[in-house]
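Listed here are the chains, written in short residue letters.
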Amino acid sequence: MHRAAHTAFCDWPQFVRPAMIRQSLKCTGCLQNSTRAYSVVPAPRDSEEKEMMHRMLRVDHAGEYGANRIYAGQMAVLGRSRQYQMWDQEKKHLSKFNEILAENRVRPTALLPLWNLAGFVLGASTALLGKEGAMACTVAVEESISEHYNSQIRALMESDPERYTELLQLIKEFRDDEMDHHDTGLEHDAESLPGYWLLKNAIQLGCKAAIYVSQRV
Amino acid sequence: MAALLRGLRAGRLLRRLSSVVAAPTSTTPKCSSRGFHCASLRLKDESKSDKHSASSSYSSSSSTTHNEYTSHQDSDPSSGDQEQDEEYETEEQLQARILTASLEFVPLHGWSMEAISAGAEAVGLSSASTGMFINGAGDLVLHFISQCNSKLTEILAEQHNQVQLGQAEYAMSILLLPHNIPESLKHLSTMVDDIWYYAGDRSTDMNWYTKRAVLTGLYNATELVMLQDSSPDFQDTWTFLDNRIQDVTNMAVTAKQMQLTGEAVAQGLMGAAVT
């Protein structure tokens, strides 16, 4: 029965990779939530901290996922362009957050399908405005994300900088990458788009709403 | 609910428990012919000294986490010392101790305030202390559930022994009372999450939700089947479970095939449109 269930779960197509299962079942000793060889997120002391950490990780994961979809939308319209390198970095960010979520048993936001669609549509529609449109969208989104990461860094520093050293380092690194993307966007004539101010603020408002909702759902 | 899964696993999977499986009927009198056939943990043999480490590893009925408990123990070193010294024990720990003791009286008094009173007296307090439990039998059942869940987690990780208690149907009906539903749902979702995690699921997208939903449905159905099952060693329930898992796998395969077919069709149409 155990083997049947195990095989059934193993054969869940495309969803679970057998190597991962074997690995995770082998080190059943490592699956306790207190000790890990290396972990970016410290084991939470109480349920409040756990809630706060999970909320942070959930919204960060949603953000990177959305950013990925935006770049995918832009690439779909523009084809290979300067966006490509930035997209690569975003993919790395996303896979890192996937890892962290899985490790820490964090529930991903239920709105992921919505961000999937919305991100792609946003990327594609701004790319239809031309290269400057795509850059303007990049500038707006990266600015929102950097601001968001900054506020998280502030919150972690205020509560306990030593405890969250690795996590702070990670978020700072990601924030620096996002700032680079923002600057790249500005360099490539984002501001020359007509209606730039309007578009930028609209997108940033949308981002704020998305962040607010993803923290809660 | 967690006891179901434990029952399912213990009866078949864990061979080292086969000797313990034979034993239980002597320690806990079965009150209904459909009581659980699970391996039993001899609570008496789980020495009194173990009780504190045991109660520190059990979640209380308000479902605090394992980490929270060990940190409580760490910050209140004197609470681990003697059973009589309750000065530094939190109310939750006290409640947990009483409820754990009450479980031994369930076969006798049922899931009721009488069992809790007996438990309170066993711990050395007056039976008036049951006033602490405003939810009565609900508290007892929820405590049992959270104990079961944390033990299930241990089993999945380290393969330990289990607890046997009778009157499963009545316990489940208590869980369905409206004021108990949020807590029991929370326990159910934690358990399903644990099962998927230890089965190797590391998804971080919609699959996270669909998998857990499917498993919840499967688990509830199997639990209901088990209550009606009178075949030897729950053979019918096992067959039911095997079939349902097969169904789920088929469904997943079909979904995947449909997706591939859809993509192929879309590509074909695009190709046709272009030419």
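Positions within a chain are numbered from 1, following the residues in the order the chain's sequence is written. For this description, chains carry letters from A and ligands carry numbers from 1, given in the order in which they are written. For this predicted model, a pLDDT threshold of at least 70 governs which residues receive local features, and a threshold of 80 or more governs which side-chain atom pairs are given and counted, while totals over whole chains, interfaces and linings are taken from all residues. To get the side-chain values, all heavy atoms of the structure are used, and hydrogens and water are removed first.

Peer 1: Just to check I follow, could you spell out the side chain of Arg163 of chain A for this structure?
Peer 2: Residue and element names in this part refer to chain A. Here Arg163 lies in the loop between helix H6 (131-159) and helix H7 (165-187). Polar contact is the term for a pair of N or O atoms within 3.5 Å; when the atoms are in protein, one must be able to donate a hydrogen and the other to accept it, and sequence-neighboring residues count only if both atoms are side-chain atoms. In this structure the side chain of Arg163 is engaged in a polar contact, spanning 2.8 Å, whose partner is the backbone oxygen of Ala43. Excluding residues within four positions of it along the chain, Arg163 makes contact with Pro42, Ala43, Pro44, Arg45 and Glu49. In DSSP terms, a helix is any run of H or I states spanning at least four residues, a strand is any run of E spanning at least two, and both are numbered starting from the N terminus. By definition, residues are in contact when any of their heavy atoms lie within 4.5 Å.

Peer 1: Explain the UniProt feature "domain: Ubiquinone biosynthesis protein COQ9 HTH" (unreviewed entry) in chain B to me, please; I cannot follow it from the model alone.
Peer 2: If you check UniProt for "domain: Ubiquinone biosynthesis protein COQ9 HTH" (unreviewed entry), the listed places come out as residues 91-121 of chain B in our numbering. From the first C-alpha to the last, residues 91-121 of chain B spans 17 Å; its make-up is 84% helix and 0% strand. UniProt positions are given in the numbering used here, feature names are shortened, and annotations may be inferred rather than shown by experiment.

Peer 1: Teacher, can you tell me more about unusual backbone geometry here?
Peer 2: Trans is the common state for peptide bonds, and a negative phi is the common state for residues other than glycine. One non-glycine residue, Asp189 of chain A, adopts positive backbone phi at about 65°. In this fold, Asp189 of chain A is placed in the loop between H7 and helix H8 (196-216). Of note in the backbone geometry, Asp233 of chain B takes a positive phi value of approximately 60° without being a glycine. Within the secondary structure, Asp233 of chain B is located in the loop between helix H12 (206-228) and helix H13 (235-274).

Peer 1: Help me out: how do you make sense of the nonpolar core in this one?
Peer 2: Nonpolar side chains in soluble globular proteins tend to end up buried together. Counting 26 residues, the largest nonpolar core has Val41, Leu57, Ile100, Val141, Leu156, Leu167 and Ile171 of chain A as its most contacted members. Those elements giving two or more residues to this core turn out to be helix H3 (47-78), helix H4 (83-103), H6, H7 and H8 of chain A. When residues of this core are assigned to their parent elements, the largest contribution, seven residues, is made by H6 of chain A. Excluding its chain neighbours within four sequence positions, the residues that come into contact with Ile171 of chain A are Met56, Asp60, Tyr149, Gln152, Ile153 and Leu156 of chain A. As used in this record, nonpolar core signifies buried Ala, Val, Leu, Ile, Met, Phe, Trp, Tyr and Cys residues forming a set joined through side-chain atoms within 4.5 Å. Each residue gets one of three labels from its accessible area relative to the maximum for its type: buried under 20%, exposed over 50%, partly exposed in between, using a 1.4 Å probe on protein chains only. One finds Leu94, Leu103, Ala120 and Ile145 of chain B within the second-largest nonpolar core, a separate group that totals 20 residues.

Peer 1: Whenever I open this one, the confidence of the model for chain A confuses me. Can you help?
Peer 2: In low-pLDDT segments, the atomic positions of the prediction should not be examined closely. pLDDT measures how confident the predictor is about each residue, on a scale from 0 to 100. Per-residue pLDDT for chain A has a mean of 84; in total, 82% of the residues score no lower than 70. Counted against residues more than four places away or in other chains, residues 15-37 of chain A, with its pLDDT under 50, gives 30 contacts.

Peer 1: How do you make sense of the environment of Phe174 of chain A when you look at a structure like this?
Peer 2: Residue and element names in this part refer to chain A. Its location among the elements puts Phe174 in helix H7. Among the residues examined, Phe174 registers a relative accessible area of 5% and is labelled buried. For the pair Phe174 and Tyr149, spaced 25 residues apart in sequence, the C-alpha to C-alpha distance is 8.2 Å. Residue contacts for Phe174: discarding those within four places in its chain leaves Glu64, His93, Lys96, Phe97 and Tyr149.

Peer 1: Hey, could you run me through the side chain of Asn180 of chain B in this one?
Peer 2: All names here are of chain B. Residue position: Asn180 is located in the loop between helix H10 (168-175) and helix H11 (181-199). Side chain to side chain, Asn180 and Asn135 meet in a polar contact 2.8 Å long. The residues contacting Asn180, other than those within four sequence positions of it, are Asn135, Gly138, Leu142, Ile174 and Leu175.

Peer 1: Which parts of the structure should I look at to understand H3 of chain A?
Peer 2: Over its 32 residues, H3 of chain A runs 46 Å from end to end, which matches the ideal 46 Å to within 8%, given 1.5 Å per residue. Of the residues trailing H3 of chain A, Gly79 of chain A is marked for its positive phi of about 75°. The length a helix should cover is 1.5 Å for every residue beyond the first.

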